[in-house]
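Structural overview for review
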Amino acid sequence: MSTKTLRVLVLTCSTRPGALGPAVGQWLIDAIAPRATELGVELLPVALGDLALPFLDEEEEPASGLYRNEHTKRWSAMVDAADGFIAVTPEYNYGMPAAFKNALDYLGREWAWKPMGFVSYGNTSAGTRSVQHAKQVVTTLRLVPLGATVALRIADAVDGGRLRPDAGRDQAAVGVLDELVRLAHALRPMRERTRSDAGPVPGSYVRALTPDDAAEVLVLQRCCWVEEATANDTLAIPALEEPLEQVRAWLATWQTTGLWRDGRLLGMVRTRRVDGDWHVGRLGVVPDLRGQGVGRWLLREAEAAADASCSRIVLSTGAQSRHNIRLYHSQGYRTESSDGATATLTKPVSAHGAVGVSGEELAAAGR
């Protein structure tokens with residue numbers, strides 16, 4: 001699970017002047033803010049009235065993602081950057097406010113595979129019929145509504161336009177946040193898969209790795225470089241020695257491609273330009289997927305990304321990693337040098353980019 005900070009929009013859905021919504025929204029943020037800090041959640045309050053969204057006025061269907069109006073583009077960017085939502089909504093005539101429905105209708109893919117919680121308020125039903133109405137709409141947009149909710153009966157909860165203190169209600173709000181965070185993390189692979197290129201393994205996808213992925217990279221390195229340590233009779237291999245902070249540091253400076261499936265990091269490779277060379281390293285594949293072409297595919301991706309101004313590709317492996325060296329030789333690399341511990345191999349970059357690879361699978365290669 002990524003350690004990336006989650007962004008949660010707290011949507012105040014009523015646009016009526018003098019409505020209770022802002023007071024309920026402020027109570028909610030105050031009640032859950034300490035827990036949000038503990039969970040690494042950024043809370044962003046958004047009043048739908050401040051968005052100034054007219055009734056849907058885009059020529060293209062929202063599913064197209066083609067927007068001509070600046071207010072739509074701003075709303076799209078806000079929702080797209082969010083990982084989840086909590087809607088603070090009243091009930092109007094057995095349903096949700098028109099402004100809430102309109103805001104939902106403006107967008108399409110930006111909502112998909114994100115959780116939405118609800119805090120409702122009203123009189124007889126405490127706003128629960130508004131939530132029931134909203135759930136029919138949000139599920140169609142592939143939002144995932146929470147089971148945990150908070151429903152406020154105005155006569156019991158409000159005094160002089162402010163919410164009465166209620167420790168039980170505060171705890172219920174924290175419960176909504178806890179469930180939303182768990183679901184947001186669980187749904188992250190679904191969100192990433194719909195926005196990323198497909199990988200070579202069914203159901204897999206590719207995305208760039210960032211320092212937030214350091215924990216997953218550390219685990220992958222530990223399981224992938226044991227064979228190289230055995231072949232070279234040494235544990236003095238950077239991929240096995242690096243602490244978490246060092247992994248996080250190099251992820252900030254290398255271009256690193258990760259292959260994922262269902263939240264699991266299956267393989268990776270890193271690249272960067274050094275002077276006139278294109279360096280490739282940390283090519284690793286989980287043990288249970290070796291022999292299925294994953295390593296070859298990652299190496300091909302790394303070579304294809306080579307800067308056009310580079311003259312050669314450079315990689316290294318253990319001097320006694322004979323399997324790796326044979327494989328690299330079969331792919332057009334030649335041994336440039338060896339100091340007895342590390343072998344450095346090079347391959348020219350062709351005029352039209354690096355030559356593609358074929359042949360047997362990589363076990364774990366590249367220092």
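Residues numbered from 1 in each chain as written. Predicted model: local features only at pLDDT ≥ 70, side-chain atom pairs only at ≥ 80, totals over all residues. Heavy atoms only, no water.

1. Brief notes about the overall build of the chain
Across its full length, the chain carries 13 helices and 16 strands. The C-alpha radius of gyration of the chain comes to 26 Å, more than 25% above the 21 Å expected for a compact globule of 367 residues. Expressed along its principal axes, the backbone C-alpha trace of the chain runs to roughly 80 × 45 × 35 Å. Looking at the chain as a whole, 50% of its 367 residues are labelled buried. Partitioning the intrachain contacts of the chain with sequence separation of at least 6 by distance along the chain shows that 72% fall at a separation of at least 24. Surface summary for the chain: the accessible area is close to 16700 Å², and the carbon and sulfur share equals 52%. Computing the positive centroid from 40 side-chain charges and the negative centroid from 43, the chain places the two 2 Å apart. (Helix = DSSP H or I, 4+ residues; strand = E, 2+ residues; numbered from the N terminus. Rg over C-alpha atoms; globule rule 2.2 N^0.38 Å. Buried < 20%, exposed > 50% of the residue type's maximum accessible area, 1.4 Å probe, protein only. Contact = heavy atoms within 4.5 Å. Areas by Shrake-Rupley, 256 points an atom, 1.4 Å probe, with all protein chains shown as cover. Lys, Arg positive; Asp, Glu negative; His and termini not counted. Charge placed at Lys NZ, Arg CZ, Asp CG, Glu CD.)

2. A look at the packing of helix 8 (residues 214-224) against helix 11 (residues 244-251)
When two helices pack together, their arrangement is given by the angle between the helix axes and by the axis-to-axis distance. The interhelical angle for the contact between helix 8 and helix 11, taken along N-to-C directions, is 110°, at an axis separation of 9 Å. In terms of their interaxial angle, helix 8 and helix 11 are classed as roughly perpendicular. On helix 11, the residues touching Ala-214, Ala-215, Val-217, Leu-218 and Gln-221 of helix 8 are Leu-244, Val-247, Arg-248, Trp-250 and Leu-251. Partitioned by chemical class, the residues of the contact of helix 8 with helix 11 number eight nonpolar, one polar and one charged. (Axes fitted to C-alpha atoms, helices over the stretch in contact; angles between N-to-C directions. Parallel < 35°, antiparallel > 145°, perpendicular 65-115°, else oblique. Nonpolar A, V, L, I, M, F, W, Y, C, P; charged D, E, K, R; others polar.)

3. Overview of the packing of aromatic side chains
Here the structure, examined in full by the defined rule, presents three aromatic pairs. Between Trp-75 and Trp-111, the aromatic rings sit 5.9 Å apart at their centres with planes inclined by 70°, giving edge-to-face as the arrangement. In this pair, Trp-75 sits in helix 3 (residues 70-80) while Trp-111 sits in the loop between helix 4 (98-105) and strand 4 (115-122), placing the two residues 36 residues apart along the sequence. Using a relative accessible area of 0% as the deciding quantity, one classes Trp-111 as buried. Both rings, one in Tyr-328 and one in Tyr-333, keep their centres 5.7 Å apart while their planes meet at 70°; by these two values the pair is edge-to-face. Just as Tyr-328 is buried, Tyr-333 falls in that class too. Every member of this aromatic cluster is reached through a ring pair, and the members are Trp-75, Phe-85 and Trp-111. Directly above the ring of Tyr-94 sits Arg-129, whose terminal nitrogen or CZ lies 3.7 Å from the centroid. Over the face of the ring belonging to Trp-254 we find Arg-270, whose NZ or CZ atom lies 3.9 Å from the ring centre. (Phe/Tyr/Trp six-rings, centres within 6.5 Å; stacked < 30°, edge-to-face > 60°. Lys NZ or Arg CZ within 6 Å of the ring centre and 35° of its normal.)

4. Some details on the nonpolar core
Core analysis: the biggest nonpolar cluster contains 45 residues, and Val-217 and Val-280 have the highest contact counts within it. Those residues in contact with Val-217 that sit more than four places away from it in its chain are Leu-209, Val-247, Trp-250, Leu-251, Leu-265 and Met-268. Counting 31 residues, the second largest nonpolar core, distinct from the first, contains Trp-27, Val-88, Tyr-121 and Leu-146. (Core = buried A, V, L, I, M, F, W, Y, C linked by side-chain atoms within 4.5 Å.)

5. Here we look at the sheet that holds strand 2 (residues 41-47)
Across the sheet, which stays open at both edges, the five strands sit in the order 2-1-3-4-5 with parallel pairing between neighbours. This sheet does not close on itself; its edge strands, each paired only once, are strand 2 and strand 5 (144-153). Along the sheet, successive strands turn relative to each other by an average axial angle of 15°, direction set aside. Note that strand 3 (residues 84-90) and strand 4 share six bridges and pair parallel. Among the inter-strand pairings, Val-88 is bridged to a residue of strand 4, identified as Val-119. Contacting strand 1 (6-12), strand 2, strand 3, strand 4 and strand 5, helix 1 (residues 21-39) runs over the sheet at an angle of about 170° to strand 2. Its contacts with the sheet put helix 7 (residues 167-194) on strand 1, strand 2, strand 3, strand 4 and strand 5, and the angle it makes with strand 5 is roughly 165°. (Pairing = 2+ DSSP bridges.)

6. A closer look at the side chain of Asp-83
Relative to the elements of secondary structure, Asp-83 occurs in the loop between helix 3 and strand 3. Taking relative accessible area as the criterion, Asp-83 reaches 6% and is therefore assigned buried. With residues near it in sequence (within four places) discarded, Asp-83 still touches Lys-4, Thr-5, Leu-6, Arg-7, Lys-114, Pro-115, Ala-184, Arg-188 and Arg-191.

Keep in mind that these numbers describe shape and distance, not what the molecule does.
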